[in-house]
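# Summary of structural features
The primary structure of each chain is shown beneath.
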Amino acid sequence: MPVGLFRVCLLVITAIVNHPLFFPKENGTVPENTEEIMQKMKEREESLRLEQLRLEQEIADQEATQKALEKAAVVVEESKEEKVRWDMWTALSMVIFLLIELWRQDFQEGNWQDVGGEEDDMAVLGKAFKGVAFPDKAVLASFYEKRILGTTGDMARMREMVEGFADDLLEALRSVCNRDADMEVEDCMGVGSMYENWRVRKPFVCDLIVPFAPPEPYCFRCQTWCSGDSFPPDEQGYGTIKVCRADEDVTGCICDKTKLGEDMLCLLHSQVSSTRPSSEMEDLLCFKNTQYLDADQVMKWFQIAVTKAWNRISHKYEFDLSFSLLDSPGALKIKFKSGKSIAFNLTPVVQYENSDVYFISHFPRSSLPADIPSSTHWFLTFAVYERRFIQLVSKTLPANACHVSCLQILSFLHGKQCSLTGPSGLTNYHLKTVLLHLLQARPSQDWAPEKLEARLQDMLKFLEKCLHEKKLYHFFIGNGKVPAELGFPIIFQRAEPLNLFRPFVLRRDIYRKMVDTFHEMLRNMSALINEYTVHIPLAHTNGIRKEPL
């Protein structure tokens, strides 16, 4: 209690002592003019208000800037999302395109030149046939009997005579050649229209191929465009032939691909066997400073060898033998004293491995010059398999089937048209390829003799389709449906299909000439057939009478 009273008294005394009225400060005066103070306070207030407005403006600007940045960020994010979506659509489109392309290639491999034999497919075609009067069965029958059958009777005798003389000539060629240094010539084989019984136009020309091989200890190692190594598109269908020693490794030793030091030797190959003089390879008909067989050298060698062989046996015959074409080594002509002549082609070829596919130095009677990449590139011919395929299919067709008749009539019309308007890119080989495709696509009963008119129209419409698309695929290359009985090499069945019309894609002038020739042939077809047709009796309408070929 006393302590509490003491604290209260102390507090009162302190308040009285510190009161300003009792102890005023020195020089301290109470302001007498309050207006001046008020004025200063207003100015201060005004300055504070302006400062507040400035700060609010800055805050507003910062907020606007922040909103703009946020909006820009949103736009960028949206553009990124849109770009991602676009990239996804682009990638998806590319995937779809690749799938379609893969499907197209698979479809092409499975049905690469598949006509299907359906009438609906053929009905879509035939635009060039509008307004064309197609000969009926009776007219075709009369034309075939008068013009075609009348020209095929001498072919068998001519083939027999030419083959016998060619065997004798090749036997003489072997005797004049050096067995230790020259090429070894094998027996000849007949190929082409004369041996497939569909050649109709004169002069008849027999095509014989002559395989040859190098002397021991050398051998040929062939490489094709579909053997794995990359070949340019313009070299498809070609291959190269390398002359090697028989004991040389097929894959090649590393000493041929790398530079060994002067103090290093290959344990497999001596220096003598690894380096061959240039003159030795040229004697083996190779291109200069290479091991690749040169087609031009082969042509020169073959012409010289045939000339020597004929000089040895010419005394046995009562006719003359000469080369009919300067640019073809084996284009020969037999001239009798009566003035008659027989032409035939004896063409050197190289066998591909153990098959009946051959590398050919050139194609005789080519209507257009071939664009061969170089003289070391050889074209492959499948003529032996084509002949075998026709013979194989003919066994399954009805008696007196019309397949050969169709090709004969079409070949005759094409030859007549070319004699009127000049040669074009379209050849008899293209016509035969069309027939081969249709033989594989259509059932056997469709080739009955009374269906000649329908099948001839099918061939023309199929050819029209190929000309329109600029695509006519080689029958054997890339065709997985080749009969196994032929023993056809699988490497060519698995290859990409070879378009025979590819050269005309870039050469538009030749392509236009080819199309015009085809259309002119259609328009002139009735006139050309009627020219060789005699009066047709009404009773002669029940089919085609023909001799077996």
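Computed from a prediction, not measured in an experiment: that's the story for all the values here. (Residues numbered from 1 in each chain as written. Predicted model: local features only at pLDDT ≥ 70, side-chain atom pairs only at ≥ 80, totals over all residues. Heavy atoms only, no water.)

## Here we look at the overall build of the protein
Threshold: Secondary structure follows DSSP: runs of H or I at least 4 residues long count as helices, runs of E at least 2 residues long count as strands, and numbering of each begins at the N terminus. Burial classes: relative accessible area under 20% of the type maximum marks a residue as buried, over 50% as exposed, and values in between as partly exposed (1.4 Å probe, protein chains only). Residue contacts follow a heavy-atom distance rule, with two residues in contact if any of their heavy atoms lie within 4.5 Å. The accessible surface values rely on the Shrake-Rupley method and a 1.4 Å probe; as for residues, cover is taken only from the protein chains in view.
Secondary structure assignment for the protein yields 15 helices and 10 strands. Burial status across the protein gives 41% buried among its 549 residues. Taking as baseline every contact in the protein between residues at least 6 positions apart, the subset at least 24 positions apart corresponds to 72%. Split by element, the accessible area of the protein, about 32600 Å² in all, is 56% carbon and sulfur.

## Section: the packing of aromatic side chains
In plain terms, the rule: Two rings from Phe, Tyr or Trp (for Trp, the six-membered ring) form a pair when their centres sit within 6.5 Å of each other. Planes less than 30 degrees apart are called stacked, planes more than 60 degrees apart edge-to-face, and all others tilted. Counting as a charge over the ring demands two things of the Lys NZ or Arg CZ atom: a distance within 6 Å of the ring centre and an angle within 35 degrees of the ring normal.
According to the stated counting rule, one finds 27 aromatic pairs in the structure shown. Where Trp301 meets Phe302, the ring centres are 5.9 Å apart and the plane angle is 55°; that geometry is what we call tilted. Exposure remark for Trp301: the relative accessible area of 12% places this residue in the buried category. Take Phe302: its relative accessible area is 1%, and that puts it in the buried class. With centroids separated by 5.1 Å and ring planes inclined at 90°, the aromatic side chains of Tyr385 and Phe488 adopt a geometry described as edge-to-face. You can see Tyr385 sitting in helix H9 (residues 383-394) and its partner Phe488 sitting in the loop between helix H12 (452-469) and helix H13 (490-493), a full 103 residues away along the chain. Accessibility assignment for this pair places Tyr385 and Phe488 in one class, buried. Through successive ring pairs, a cluster of aromatic residues spans Trp225, Tyr352, Phe359, Phe382, Tyr385, Phe389, Phe475, Phe476, Phe488 and Phe492. Across the ring face of Tyr218, the terminal group of Arg245 is positioned such that the distance to the ring centre comes to 5.7 Å.

## Digging into the packing of helix H5 (residues 155-176) against helix H8 (residues 295-313)
Quick note on the threshold: Interaxial angle, 0 to 180 degrees, is taken between N-to-C directions of lines fitted to C-alpha atoms, where a helix line uses only the stretch in contact. Relative orientations are named as follows: roughly parallel for angles under 35 degrees, roughly antiparallel for angles over 145 degrees, roughly perpendicular for angles from 65 to 115 degrees, and oblique for any other angle.
Running from N to C, H5 and H8 cross one another at 105°; their axes reach a closest spacing of 8 Å. Taken together, the axes of H5 and H8 are roughly perpendicular relative to one another. Residue-level inspection shows Phe165, Asp168, Leu169, Ala172, Leu173, Ser175 and Val176 of H5 in contact with H8, the latter providing Phe302, Ala305, Val306, Lys308, Ala309, Trp310, Arg312 and Ile313.

## What about the pairing of strand S3 (residues 205-213)?
This is how the line gets drawn: In this description, strands pair whenever DSSP reports at least two bridges between them.
With 8 of 9 residues buried, S3 lies mostly within the body of the structure. Where strand S1 (residues 184-185) lies against S3, 2 bridges are found, and the strand directions are antiparallel. Bridging across to S3, Val185 finds its partner in Phe212. Relative to S3, strand S2 (residues 189-191) runs antiparallel, the two being bridged by 3 bridges. When the sheet's bridge partners are listed, Met189 is paired in S3 with Ile209. One ladder, built from 7 bridges, connects S3 with strand S8 (residues 341-351); its direction is parallel. Within the sheet, the bridge partner assigned to Cys206 lies in S8 and is Phe344.

## Some thoughts on the nonpolar core
Selection criterion: Throughout this description, the term nonpolar core refers to a set of buried Ala, Val, Leu, Ile, Met, Phe, Trp, Tyr and Cys residues connected via side-chain atoms within 4.5 Å.
Leu169, Leu293, Phe344, Leu346, Trp447, Phe476 and Phe492 are the most contacted members of the largest nonpolar core, which totals 116 residues. Sort the elements by how many residues they give to this core and helix H15 (residues 508-531) lands first, with 10 residues. Not counting residues up to four positions away in its chain, the partners in contact with Phe476 are Phe382, Tyr385, Glu386, Phe389, Val482, Leu486, Phe488, Phe492 and Gln493. In this structure, Tyr358, Ile360, Ala383 and Val384 belong to the second largest nonpolar core, which totals 7 residues.

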